[in-house]
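Residues per chain are reported as follows:
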Amino acid sequence: MFMPPLLSLNLLVFWFTELKEIVFIIQSQSNSFHSKRAEDLKRDILKQAADLGKELPTVLLIHQMNGHEGAWTILPLMRDFSVTYGRNSSWIFFCEEDTRIQVVKLLETLGRFDGSKEWFLGKALYDEESTIIHHYAFAENPTVFKFPDFAAGWALSIPLVNKLAKKLKSEPLKSDFTIDLKHEIALYIWQKGEGPHLTPVPEFCTYDVNSYKVDHCATTFSNFLPLCGEPVKKEDVFVAVKTCQKFHGDRIPVVKQTWEREAALIEYYSDYADISIPTIDLGIPNTDRGHCGKTFAILERFLNHSSSRTPWLVIVDDDTLISIFRLRKLLSCYDANEPVFLGERYGYGLGTGGYSYITGGGGMVFSRIAVQKLLASKCQCYSMDAPDDMVLGMCFSGLGIPITHSPLFHQARPMDYPKGYLSHQIPVSFHKHWNIDPVKVYFTWLAPNTEESLNGKKVGYNREDL
């Protein structure tokens with residue numbers, strides 16, 4: 001549509017003056033692979049801004065902010081945002097390191113909203129059924145509650161930031177656990193109906209930048225499985241499966257039908273030596289709760305009894321479904337000479353000085369040097385049945401070794417996540433066999449090809465069914 005030159009110029013001036021009022025927050029991590037990607041995104045944003053010829057916006061990397069252990073959970077930073085940017089900015093825009101931003105389109109999109117009002121903007125996700133990872137919230141109709149897909153970017157107007165900062169000053173965060181940050185932030189902002197709902201913004205997208213669908217998008221998402229050269233060799237990944245005698249008959253056969261074939265080095269650790277599997281009895285009784293004693297015994301065995309040339313250790317539960325094929329690609333992006341502790345990140349007590357940890361069911365990945373530093377520190381289980389993943393998080397936090405998060409690891413089943421969230425992922429793992437066919441889930445979501453040979457027959461499944 002034709003636009004008169006003067007109107008076009010005025011519109012551009014409006015956009016330019018708004019640019020310096022946006023604070024960009026990249027949800028970055030300190031691991032060298034992730035921090036480089038975040039720095040690349042920062043440079044791209046600033047280059048686009050410079051090409052427009054006006055004052056540059058503020059672009060911050062969250063892992064560099066004030067050394068707060070819980071900075072990644074964002075809410076503890078609201079008071080800092082309010083004090084620093086509450087007077088001269090209009091928007092705080094958050095994005096992930098793989099989010100791609102068209103700055104002019106973003107300005108146009110945000111310009112549709114009155115920045116003097118309380119706005120919570122993003123690409124809307126919702127649960128189709130109530131789920132344990134959201135504590136079965138909105139059980140009668142979970143579809144009514146929307147929360148943002150961080151990959152598409154999301155924005156808070158400064159009046160809302162100021163309101164949240166004021167609330168946090170008078171009512172500190174109470175939740176002990178951070179499990180799904182995007183859902184928990186939306187709940188906190190909503191405040192049981194006293195605050196705003198998420199407003200869906202169609203220009204916040206998770207299509208790949210090369211998709212034909214992106215013409216209207218202010219954001220896109222680089223949704224490929226990262227690959228930084230040749231995949232890590234099979235022989236460079238040691239897989240430890242935690243099991244116990246009562247699950248030898250039902251869970252272990254699933255592993256053997258699915259992903260065991262992808263692992264060159266794999267051992268099963270149990271409370272009973274079963275030569276038919278075979279399992280190794282570590283001499284540690286099975287416990288009904290946490291498995292800290294067993295996990296630390298596995299770490300010690302990896303360090304002292306496996307090949308010293310094996311750089312990577314993966315510890316999984318016997319009901320974890322994992323793609324070792326994809327994990328080897330992912331690990332090509334990490335430096336095994338660094339202390340790496342990788343998986344799906346949860347948090348405990350982060351509002352009051354707690355720690356982050358890798359949740360065990362989705363799989364925990366360690367570089368050998370991370371295991372060496374951990375065991376040399378003498379940090380250990382406070383009881384044999386302590387939660388192993390949380391103790392590990394506490395130990396690594398004490399050592400100053402950061403947790404490295406990947407959303408491709410999953411503590412729950414595919415049905416426990418919004419379809420829109422999984423649609424731009426190539427997942428590495430899922431967890432639990434509750435009310436699913438785990439073999440079907442593996443061949444649908446995790447097998448090296450979308451069709452795999454099972455018992456001599458070609459099978460293909462529709463993800464929409466799971």
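Residues numbered from 1 in each chain as written. Predicted model: local features only at pLDDT ≥ 70, side-chain atom pairs only at ≥ 80, totals over all residues. Heavy atoms only, no water.

**Student:** Requested: an account of the state of the cysteines, with residues and values cited.
**Tutor:** For the structure shown, the criterion picks out four disulfides. Covalent S-S linkage joins Cys 205 and Cys 217, the inter-sulfur distance amounting to 2.1 Å. On the S-S bond that ties Cys 205 to Cys 217, the torsion sits near -90°, and the link is left-handed. Of the two residues, Cys 205 sits in the loop between strand S10 (199-200) and strand S11 (219-221) while Cys 217 sits in the loop between S10 and S11, which places them 12 residues apart along the sequence. Assessed through its relative accessible area of 3%, Cys 205 is described here as buried. Residue pairing for Cys 379: its cysteine sulfur links by disulfide to Cys 395, the two sulfurs lying 2.0 Å apart. Around the S-S axis, the bridge from Cys 379 to Cys 395 shows a dihedral of about -80° and counts as left-handed. Taken together, the residues Cys 379 in the loop between helix H10 (368-376) and helix H11 (388-399) and Cys 395 in helix H11 connect sequence positions 16 residues apart. (Disulfide = S-S within 2.5 Å. Helix = DSSP H or I, 4+ residues; strand = E, 2+ residues; numbered from the N terminus. Buried < 20%, exposed > 50% of the residue type's maximum accessible area, 1.4 Å probe, protein only.)

**Student:** Hey, could you go over the domain arrangement of the protein for me, with residue numbers and the actual values?
**Tutor:** Along its sequence, the protein is organised into domain 1 (19-221) and domain 2 (234-446). Using only C-alpha atoms to locate each centre, domain 1 and domain 2 end up separated by 30 Å. With 31 residues of domain 1 in contact, the opposing surface of domain 2 contributes 31 residues. Surface buried jointly by domain 1 and domain 2 totals about 2500 Å² across both partners, of which 55% is contributed by carbon and sulfur atoms. (Domains from an automatic or database assignment. Contact = heavy atoms within 4.5 Å. Buried area = accessible area lost by both parts, 1.4 Å probe.)

**Student:** Give me the confidence of the model for the protein: which residues, what numbers.
**Tutor:** Per-residue pLDDT for the protein has a mean of 90; in total, 92% of the residues score no lower than 70. Low pLDDT, under 50, characterises residues 1-17; the predicted model gives this stretch eight contacts beyond four residues in sequence or across chains. Scored below 50 in pLDDT, residues 450-462 makes 22 contacts in the model with residues more than four places away or belonging to other chains. (pLDDT = per-residue confidence, 0-100.)

**Student:** Outline empty space enclosed by the protein, listing residues and values.
**Tutor:** Within this structure, the stated rule accounts for two cavities of 30 Å³ or more. For the largest cavity, the lining is made up of 39 residues, of which Glu 96, His 405, Ser 406, Pro 407 and Tyr 421 are closest to its centre. Elements that contribute at least two residues to the lining of the largest cavity include exactly helix H2 (32-51), helix H6 (181-190) and strand S18 (345-348). The dominant element in the lining of the largest cavity, judged by the number of residues it contributes, is H2, at three residues. Within the lining of the largest cavity, the residues separate by chemical class into 20 nonpolar, 10 polar and nine charged. Two domains each provide a minimum of three residues to the lining of the largest cavity, namely domain 1 (19-221) and domain 2 (234-446). Each pocket or cavity is described by its volume, and for the second largest cavity that value is around 30 Å³. Lining the second largest cavity, in full, are Tyr 126, Asp 127, Ala 137, Phe 138, Pro 142, Phe 145, Phe 147 and His 183. (1 Å grid on protein atoms, 1.4 Å probe; cavity = no way out; pocket = protein on both sides within 12 Å on 5 of 7 lines; lining within 4 Å. Points joined across faces, edges and corners; volume = space filled by probe spheres on them. Nonpolar A, V, L, I, M, F, W, Y, C, P; charged D, E, K, R; others polar.)

**Student:** Please set out the UniProt feature "domain: Fringe-like glycosyltransferase" (unreviewed entry) in the protein residue by residue, giving values where relevant.
**Tutor:** Here, UniProt's "domain: Fringe-like glycosyltransferase" (unreviewed entry) annotation points to residues 83-168 and 231-441. Taken end to end, residues 83-168 is 26% helix and 23% strand, and its first and last C-alpha atoms sit 13 Å apart. Helix and strand shares over residues 231-441 are 27% and 21% respectively, and the end C-alpha atoms of the span are 24 Å apart. (UniProt positions renumbered as here; feature names shortened; annotations may be inferred.)

**Student:** Explain the layout of surface pockets residue by residue, including any values.
**Tutor:** Where empty space is left can be seen by rolling a probe of water-molecule size over the atoms. For the largest pocket, the calculated volume is near 930 Å³. Along the wall of the largest pocket there are 36 residues; nearest its centre are Asp 317, Gly 361, Gln 411, His 431 and Lys 432. Tallied by class, the residues present in the lining of the largest pocket amount to 12 nonpolar, 10 polar and 14 charged. Looking at the lining of the largest pocket, you find at least three residues from each of domain 1 (19-221) and domain 2 (234-446). Estimates place the volume of the second largest pocket at around 750 Å³. For the second largest pocket, the lining is made up of 26 residues, of which Leu 173, Ser 175, Glu 184, Leu 187 and Tyr 188 are closest to its centre. When contributions to the lining of the second largest pocket are tallied by element, the ones reaching two or more residues are strand S9 (177-178) and H6. Per-class residue counts for the lining of the second largest pocket are 12 nonpolar, eight polar and six charged.

**Student:** Residue-level account of the packing of aromatic side chains, with values.
**Tutor:** In this structure the tally under the stated criterion is 23 aromatic pairs. Here the aromatic rings of Phe 138 and Phe 145 are separated by 4.7 Å at their centres, their planes lie at 10°, and the arrangement is stacked. Using a relative accessible area of 3% as the deciding quantity, one classes Phe 145 as buried. In this structure an aromatic cluster arises from ring pairing among Phe 81, Phe 94, Phe 120, Phe 150 and Trp 154. Lying across the ring of Phe 247, Arg 251 places its NZ or CZ 3.5 Å from the centre. A cation over a ring is seen here: Arg 368 above Phe 302, with NZ or CZ 4.2 Å from the ring centre. (Phe/Tyr/Trp six-rings, centres within 6.5 Å; stacked < 30°, edge-to-face > 60°. Lys NZ or Arg CZ within 6 Å of the ring centre and 35° of its normal.)

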